[in-house]
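# Structural description and commentary
Letter by letter, the chains look like this.
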Amino acid sequence: MPTTVLLRNAPEHAIAAFAPKPTALTPGQSEGVTDVWTAPGASPGPIETGIWEATPGSFTASRDGYHELCYLVSGRVTLVEEGEQPLDLQAGDLFVTPAGWHGVWHVHETVRKVFVVIPTAG
């Protein structure tokens, strides 16, 4: 039987251990993630949700094979999507990076987001 999944106080909840950001353009940038829920048996892959945090700096990102819905809990970033104007975002903003999105995140101050990853077919 399904059970409600609860994570209290997302803005202040402890994040798992931080590690170097693999796609960082800024030396020393790190990130941490706390997974909250994964849809069991989902197809074409599981839907996942959690909390992610990154320290200031810049990194490349690609959304190949999935959409990502993001809600910024704290911090400020500028997203620069290939071929588009920069998009300044701050705490309280909700946005989606759809499958096929490619660009650079410029983290101006430590940023925390709640995310939902939705795989695409094929």
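First, a word on what this report is: a plain description of the structure on this page. The structure presented is a predicted model; accordingly, all values stated were derived computationally and were not measured. (Residues numbered from 1 in each chain as written. Predicted model: local features only at pLDDT ≥ 70, side-chain atom pairs only at ≥ 80, totals over all residues. Heavy atoms only, no water.)

## Regarding the packing of aromatic side chains
Evaluation of the coordinates by the stated rule reveals 4 aromatic pairs. Ring centres 5.6 Å apart and planes at 70° place the aromatic pair tryptophan 52 and tryptophan 105 in the edge-to-face group. You can see tryptophan 52 sitting in strand S3 (residues 48-54) and its partner tryptophan 105 sitting in strand S8 (residues 102-119), a full 53 residues away along the chain. The same class applies to tryptophan 52 and to tryptophan 105, which are both buried. Taking the centre distance of 6.0 Å and the plane angle of 55° together, the rings of phenylalanine 95 and tryptophan 105 count as tilted. On the criterion of sequence distance, the pair formed by phenylalanine 95 in strand S7 (residues 94-97) and tryptophan 105 in strand S8 is long-range, its members being 10 residues apart. A relative accessible area of 0% places tryptophan 105 in the buried class. Every member of this aromatic cluster is reached through a ring pair, and the members are Trp52, Phe59, Phe95 and Trp105. When the ring centre of tryptophan 52 is taken as origin, the NZ or CZ atom of lysine 113, which lies over that ring, is 4.6 Å away. (Phe/Tyr/Trp six-rings, centres within 6.5 Å; stacked < 30°, edge-to-face > 60°. Helix = DSSP H or I, 4+ residues; strand = E, 2+ residues; numbered from the N terminus. Buried < 20%, exposed > 50% of the residue type's maximum accessible area, 1.4 Å probe, protein only. Lys NZ or Arg CZ within 6 Å of the ring centre and 35° of its normal.)

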